[in-house]
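Coordinates in review
Here is how the chains run, residue by residue.
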Amino acid sequence: MNAAVATSVFAVFMVATVALGLLALRGRGKGGGLAEWSVGGRSLGPVFIWVLMAGEGYTSFSYLGAAGWGYNYGAPVLYVVAYMSCGYAIGYVVGPMLWAYARRHGLVGITDMVAHRFGRPWLGAVVAVLATVFLLPYIQLQITGMGVVLSVISYGAVSLNWAYFVAFAVTTGFVVVSGLRGSAWVSVLKDVLVIATLGFLAFSVPLHYFDGYGPFLDRLVTEKSEWLTLPGHGGGSGDGGGSGFGELWFISTTFLNSLTVVIFPTTVAGYLGARSADALRRNAVYLPAYNVLLFVPMLLGLAALFVVPGLTGAESNLALFKLVVDALPAWAVGLVGVAAALSSIVPMAVFMLVIGTMWGRSVLSLVPRFAERQKSAAQVVVVVAGSLALLLTYTAPNTLVRLSLISYEGMAQLLPMVLLALVWRRLTFRGAFSGLIVGVAVVCALVFTGNDPVGGVNAGLVALAANLAVALAVTLAGPRDADPRPDAEVLAHDPVGEDDESLDAARAARCASDHRV
């Protein structure tokens, strides 16, 4: 009976989610072209941009991975709150710059920006392939998270393998039909449920198991003090040496991820969907406050140490939901499961959407037969990318935090080519491309040989340092790129004082000039 009640609640909300995505397209004709599907026609207002970008911090990781790492290690998981807050501060400057650059030149993603900056369409295709490789683990993370949620709230009636497939099928169908606009609409429902359920769990679980926070925290300090300081439980030496998640790891990971999150393709999709640069600035100011809720699953992961001891490896992802299933009635378990599932669907939909857009715009568009059918080609790529991530879920499972870290460490290697190149004209194609090759090679070598962190430092930051060193050396030692375009055509700048009409006029003038040529 419990399984029937919880899964019924879950099923009703999943149907409502798909319906809401379809409703978002009402009045949009047949869904428009690639820009309408991928960046919402660049017309999303402050509320939709707020909830869409908040989705970066509230994924299935928030319910499962944060609790799991809190359970396994303790304090090191606080890097999530640190890097997201720092990333929003950096995004206050970077977001409007990328938004204006894309609007002025009619671009829909980072692959477009790279291709435009260096004047090489094939370079956008290379970046699309690399970005896809490093985004697939994040899609796998969301499939794993939603699958775990569905299996647990069904009280084991739905096996993990079937739960993974349901997660893939629901999200793939949703994103193919609704695009970014549908994801933004569903984000509103997701955020309401996230706030309500995490707020409820923050009070109910400590009361149910420990008679309140006082006894819980007293027991935590007395019995599990190792979890409350860096490098956390089993983390090695406290100075960040060895293989532990100590101070050096915490600082380097926070720094790397806060830089990377602003050029993450899904973050940029949120930037480009905004109606104005001011909406992005306001969001950057207020979004850090939203991260306060992330402390709840972290604390509940610590609470699970006393209630469900002995979880190891990927099983630690179940820490929070084992508490929920035991403490709450079936209908409440279903609601918490829906909130966690939507926290998978929304970011997973945006990740798949971004991969489809990158390939439709920058890879398949180079083939003449696909050049006029970019949207349909992108939708096919969404299905293929989701299928690959599903296959990885079955064949190469991993803990959710590990998957998240791999994605960020890989994507960080695009920072010089995407961000530095848009503010420094001197950076040459040879320098940026050489640095990218070295950075990707170093991060893959370190991660896949088990050498992450390196002496306590995040491997992605070590690879990025090598990336930058090579890019600068090749740029300064080699010849300048022979690019006749003026700085205004190549570089990005903060659009303070520029309204939408002036940006659109600049784009129209550029298109007219290109047509005359």
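Scroll up to find the structure this text is about.
Quick look at the structure, then.

1. Side note on helix H11 (residues 265-272)
With 8 of its 8 residues buried, H11 lies for the most part within the structure. Those residues of H11 that fall on the buried side of the exposure criterion are Pro265, Thr266, Thr267, Val268, Ala269, Gly270, Tyr271 and Leu272.

2. Notes on unusual backbone geometry
Look at the link from Leu230 to Pro231: it is a cis peptide, with omega at 10°. Assignment of secondary structure puts Pro231 in the loop between helix H9 (213-223) and helix H10 (247-260). For the bond from Asp452 to Pro453, the omega torsion is 5°, close enough to zero to count as cis. Along the polypeptide, Pro453 turns up in the loop between helix H20 (429-448) and helix H21 (459-477).

3. Comments concerning the packing of helix H6 (residues 110-118) against helix H7 (residues 121-153)
Interaxial distance between H6 and H7 falls to 7 Å at its minimum, and their mutual angle equals 145°. For the element pair H6 and H7, the recorded crossing hand is right-handed. Taking contact as the criterion, the partners of Thr111, Val114, Ala115 and Phe118 in H6 are, on H7, Pro121, Leu123, Gly124, Val127 and Ala128. By residue class, the composition of the contact of H6 with H7 is 7 nonpolar, 2 polar and no charged.

4. Looking at the packing of aromatic side chains
Here the structure, examined in full by the defined rule, presents 22 aromatic pairs. Here the aromatic rings of Trp69 and Phe245 are separated by 5.0 Å at their centres, their planes lie at 50°, and the arrangement is tilted. Placement of the pair is Trp69 in helix H4 (residues 60-72) and Phe245 in the loop between H9 and H10, with a sequence separation of 176 residues. Residue Trp69 shares its accessibility class with Phe245, and that shared class is buried. Here the aromatic cluster, defined as three or more aromatic residues joined through ring pairs, consists of Trp69, Tyr73, Tyr79, Tyr83, Phe245, Trp249, Phe264, Phe351 and Tyr408. Just above the ring of Phe118 sits the side chain of Arg117; from NZ or CZ to the centre is 4.7 Å. It is Arg120 that lies over the ring of Phe429; its NZ or CZ is 4.1 Å from the centre.

5. Details of the pattern of salt bridges
Working definition: two side chains of opposite charge can pair if their charged atoms are close together. Scanning all chains against the criterion turns up 6 salt bridges. Among the ionic pairs, Asp487 bridges to Arg425, the shortest N-O distance being 2.6 Å. With Asp487 in helix H22 (residues 487-490) and Arg425 in the loop between helix H19 (415-423) and H20, the pair connects residues that are 62 residues apart, well separated along the chain. Among the residues examined, Arg425 registers a relative accessible area of 24% and is labelled partly exposed. The partner of Arg430 in a salt bridge is Asp481, with the nearest N and O atoms 3.7 Å apart. Placement of Arg430 in helix H20 and of Asp481 in the loop between H21 and H22 is noted, with a sequence separation of 51 residues between them. Note on Asp481: relative accessible area 27%, which makes it partly exposed. Through salt bridges that share partners, Asp278, Arg281 and Asp494 make up one connected network.

What counts and what doesn't
- Residues numbered from 1 in each chain as written.
- Predicted model: local features only at pLDDT ≥ 70, side-chain atom pairs only at ≥ 80, totals over all residues.
- Heavy atoms only, no water.
- Buried < 20%, exposed > 50% of the residue type's maximum accessible area, 1.4 Å probe, protein only.
- Helix = DSSP H or I, 4+ residues; strand = E, 2+ residues; numbered from the N terminus.
- Axes fitted to C-alpha atoms, helices over the stretch in contact; angles between N-to-C directions.
- Left-handed = near helix turned anticlockwise from the far one by under 90°.
- Contact = heavy atoms within 4.5 Å.
- Nonpolar A, V, L, I, M, F, W, Y, C, P; charged D, E, K, R; others polar.
- Phe/Tyr/Trp six-rings, centres within 6.5 Å; stacked < 30°, edge-to-face > 60°.
- Lys NZ or Arg CZ within 6 Å of the ring centre and 35° of its normal.
- Salt bridge = Lys/Arg side-chain N within 4 Å of Asp/Glu carboxyl O.

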